[in-house]
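Structural overview
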Amino acid sequence: MRHGLGFDIHRLVPGRPFVLGGLTFDHPRGPSGHSDGDVLLHALVDALLGAAALGDIGDHFPDNDPKWKGTAGKVFVAKALALVAAKGLKPTQVDSTVFLELPKLGKRKPELAAALASLLGITKDRACVKAKTMEGLGAIGQGEAIAAQVLVVLEETTAPKARRKK
Ligand code: MG
């Protein structure tokens, strides 16, 4: 079993769509960034890459490369999953926390968790999205930023016996 940790933070600015976990929320501000600024999926990518000791999102999808401009987070997740699969690993669980003041994620947390489960190809009972406000403190507390942290668990898809024979 392998464990990977991911973290991401983006500024929230007017005139950008609020995208989180691949879902869109009705909010006057959205994450700025070279790509879509989806902190939950970017943190998930770092967690996947980290669990497989493959570096970080910036190593694979540099934000100064025009190729990735406006790219949806789920594209990076799919590419990270392919890299992880090439190392004989697949996800079995994801847990996460989103740090933000507004919008309230409330009833959409299960929808976000289901979106992560779907992207990772795992069952919904193995995915969780939690939300925390920062009690008005700092940039996140002032509604100027959003952050997320993600833990992902991967298991080896190759039988240990078969690997020992090599
Ligand atoms: Mg990011």
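Preceding block: the structure.
The paragraphs below set out a description of the structure included in this document. (Residues numbered from 1 in each chain as written. Predicted model: local features only at pLDDT ≥ 70, side-chain atom pairs only at ≥ 80, totals over all residues. Heavy atoms only, no water.)

1. So, the coordination of the magnesium ion
Threshold: For Na, K and Ca the donor cut-off is 3.2 Å, while for other metals it is 2.8 Å, and in both cases only N, O and S atoms qualify; water is not among them, so sites may look incomplete. Whether a residue is buried, partly exposed or exposed follows from its accessible area with a 1.4 Å probe, protein chains only, as a fraction of its type maximum: under 20%, in between, or over 50%, in that order.
Distances from the magnesium ion to its protein donors, namely Asp8 (OD), His10 (NE2) and His42 (ND1), fall within the range 2.1 to 2.2 Å. When the donors of the magnesium ion are listed by position in the chain, the intervening gaps give D-x1-H-x31-H. Judged by relative accessible area, aspartate 8 falls into the buried class, the value being 15%. Assessed through its relative accessible area of 15%, histidine 10 is described here as buried.

2. Structural notes on helix 3 (residues 73–86)
The condition that has to hold: Secondary structure elements are taken from DSSP: a helix is a run of H or I of four residues or more, a strand is a run of E of two residues or more, and numbering for both begins at the N terminus. How far a helix is expected to stretch is found by multiplying one less than its residue total by 1.5 Å. Along the arc lie the directions from the helix axis toward the C-beta atoms. Residues are treated as being in contact if the distance between any of their heavy atoms lies within 4.5 Å.
Across its 14 residues, helix 3 extends 20 Å between first and last C-alpha, which sits within 8% of the 20 Å expected from 1.5 Å per residue. All buried positions along helix 3 are accounted for by Gly73, Phe76, Val77, Ala80, Leu81 and Val84. In an axial view of helix 3, the angular spread of the buried residues amounts to 140°, which keeps them on one side of the axis. On its buried face, helix 3 sits against helix 1 (39–51), helix 2 (57–60), strand 5 (89–99), helix 4 (109–120) and strand 7 (145–156). Directly beyond the C-terminal end of helix 3, a positive phi value near 75° is found at glycine 88.

3. Digging into the side chain of threonine 97
What counts is decided by this rule: Polar contact is the term for a pair of N or O atoms within 3.5 Å; when the atoms are in protein, one must be able to donate a hydrogen and the other to accept it, and sequence-neighboring residues count only if both atoms are side-chain atoms.
Its place among the elements puts threonine 97 in strand 5. Within the local environment of threonine 97, its side chain forms a polar contact with the side chain of lysine 130, the two groups lying 3.4 Å apart. Those residues in contact with threonine 97, other than ones at most four positions away along the chain, are Lys130, Lys132, Ala147, Ala148 and Gln149.

4. Focus on helix 4
Given a rise of 1.5 Å per residue, 12 residues ought to cover 16 Å, and the 17 Å separating the end C-alpha atoms of helix 4 matches this to within 8%. Of the residues making up helix 4, those classed as buried are Leu112, Ala113, Ala115, Leu116, Ala117 and Leu120. Glycine 121 sits one or two residues past helix 4 and shows a positive phi near 70°.

5. A closer look at the sheet that holds strand 4 (residues 29–31)
Pairing between the strands of a sheet comes from backbone hydrogen bonds, and it takes one of two forms, parallel or antiparallel. This is how the line gets drawn: Any two strands between which DSSP finds at least two bridges are classified as paired. Angular values range over 0 to 180 degrees, each being the angle between N-to-C directions of two axes fitted as lines to C-alpha atoms, with helices fitted over their stretch in contact.
The mixed open sheet is built from 5 strands, whose spatial order is 4-1-7-5-6. Each of the sheet's edge strands pairs with one partner strand only, and the pair in question is strand 4 and strand 6 (127–132). Neighbouring strand axes in the sheet, compared pairwise and without regard to direction, differ in orientation by 25° on average. Sheet topology places strand 1 (residues 2–14) next to strand 4; 3 bridges connect them, and they run antiparallel. Paired with valine 13 across the two strands is glycine 30, which belongs to strand 4.

6. Focus: the packing of helix 1 against helix 4
Convention followed: Between 65 and 115 degrees an angle is taken as roughly perpendicular, under 35 as roughly parallel, over 145 as roughly antiparallel, and anywhere else as oblique. For any pair of crossing helices, the crossing counts as left-handed if the nearer helix is rotated counterclockwise from the farther one by less than a right angle, and right-handed if it is rotated clockwise.
Packing of helix 1 against helix 4 leaves a shortest axis separation of 12 Å and a crossing angle of 40°. What the angle tells us is that helix 1 and helix 4 run oblique. As helix 1 packs across helix 4, the resulting crossing turns out to be right-handed. Residues Leu40, Leu41, Leu44 and Leu48 of helix 1 touch helix 4, and the partners they reach there are Leu112, Leu116, Leu119 and Leu120.

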